[in-house]
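These are the residues of each chain, in order.
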Amino acid sequence: MFVDTHCHISKDDYEDIDKIIDDDFKVVEKIIISGCDKDGIKESLDIASNHENIYVTIGYHPDQVDNVTDDDLVELEKLLKNDKVVGLGEIGLDYHYEKDKRDSQIKLFEKQLSIAERLNIPVVIHSREATKDTIDCLKKYNVHGVIHAFSGSYETGIEYIKMGFLLGIGGVVTFTNSNLGEIVSKLGVDHLVLETDSPYLIPHPFRGRGIKNSSKYISFIANKVSEVTNVSLEDVSLITNRNAYDVFDLNNK
Ligand SMILES: [Zn+2]
């Protein structure tokens, strides 16, 4: 059994959410949904309140940079105290889609990092084509957490690990055109958590077949991590689950 540390579940993506979730729980023991815009935050809190083993992280994604007011952040801080919330995220910087808004993204990111620091809750970081600025921002705050959808270089991975972060590994590690497997083989399994980022990024060999990703496909990610690191599947599960329980304090939730 695995912990899916990062995915998105919404009525907009799945016809029958309850059926998807029932199926997923044959493979995973805990699911952490990420709500990262106003509707997503509400919906993910709703879903988690109805399912014992579903938790949420909430926070404003960099693509929400034009939609978030200071009042929204005050409200976010209140919602972060909900029992089902295990972290703040995904938050960060995305210079792929939103590169013309770097300064406002950094402001939104830092405001949320300061909330995480104040509440002492883990952060889930989205960083795309923005490694240097992400690291600079993180170093200004006393925060810990997960680098979601890590796909950087070996050196970047080591730097995040030295800063006390875990690396979230998802379907990209299985892609035939990705070198992430090689990088994970060098990084080892000790500082990893597993995630599907569903409904996106379905693992190979399901990619391109019109199938929507969900938490149950995490076993294909775990298998690949086991293969490239030479660690048994059982130990990959043990180590990544333990990391997930520790960082999100799941034993006390
Ligand atoms: Zn995500």
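Preceding this section is the structure that the text describes.
In what follows, the accompanying structure is described. (Residues numbered from 1 in each chain as written. Predicted model: local features only at pLDDT ≥ 70, side-chain atom pairs only at ≥ 80, totals over all residues. Heavy atoms only, no water.)

## Quick look at the side chain of Asp-24
Heads up, the rule is: Helix numbers and strand numbers start at the N terminus; a helix is a DSSP run of H or I with at least 4 residues, a strand a run of E with at least 2. Residue exposure (1.4 Å probe, protein chains only): buried if accessible area is under 20% of the type maximum, exposed if over 50%, otherwise partly exposed. When charges are counted, Lys and Arg contribute as positive and Asp and Glu as negative, whereas His and the chain ends are disregarded. Note on definitions: salt bridges are taken to be side-chain nitrogens of Lys or Arg within 4 Å of carboxyl oxygens of Asp or Glu. Two N or O atoms count as a polar contact when they lie within 3.5 Å, although within protein this holds only if one can serve as hydrogen donor and the other as acceptor, and sequence-adjacent residues are included solely when both atoms are side-chain atoms. Any two residues whose heavy atoms approach within 4.5 Å at even a single point are treated as in contact.
With respect to the secondary-structure elements, Asp-24 resides in helix H1 (residues 17–24). Lys-216 provides the closest opposite charge to the buried, unpaired Asp-24, separated from it by 5.7 Å. In this structure the side chain of Asp-24 is engaged in a polar contact, spanning 3.4 Å, whose partner is the backbone nitrogen of Ser-215. Apart from residues lying up to four places away in sequence, Asp-24 is in contact with Ile-31, Ser-214, Ser-215 and Lys-216.

## Focus on the nonpolar core
Using the following cut-off: What makes a nonpolar core is a set of buried Ala, Val, Leu, Ile, Met, Phe, Trp, Tyr and Cys residues whose side-chain atoms join them at distances within 4.5 Å.
Counting residues in hydrophobic clusters, the biggest one holds 62 residues, and the most contacted among them are Ile-9, Leu-88, Leu-113, Val-123, Leu-138, Phe-150 and Ile-169. Once residues within four sequence positions are removed from consideration, Ile-169 is found in contact with Phe-150, Leu-180, Val-184, Leu-192, Val-193, Leu-194, Glu-195, Ile-221 and Val-225.

## Some points on the pairing of strand E7 (residues 166–169)
Under the convention used in this document: Here, a strand pair is defined by DSSP locating no fewer than two bridges between the strands. Handedness of a crossover is defined as follows: orient the strands so they point away from the viewer, and if the path from the first strand over the helix to the second runs clockwise, the crossover is right-handed.
Side chains of E7 alternate between two faces, with Leu-166 and Gly-168 and Leu-167 and Ile-169 buried alike. For strand E6 (residues 145–147) and E7, the ladder comprises 2 bridges, and the chain directions are parallel. Bridge pairing links Ile-147 to Leu-167 in E7. As a crossover connection, the stretch from E6 through helix H6 (residues 154–162) into E7 is right-handed. As defined by bridge partners, E7 adjoins strand E8 (residues 192–194) across 3 bridges and the pair is classed as parallel.

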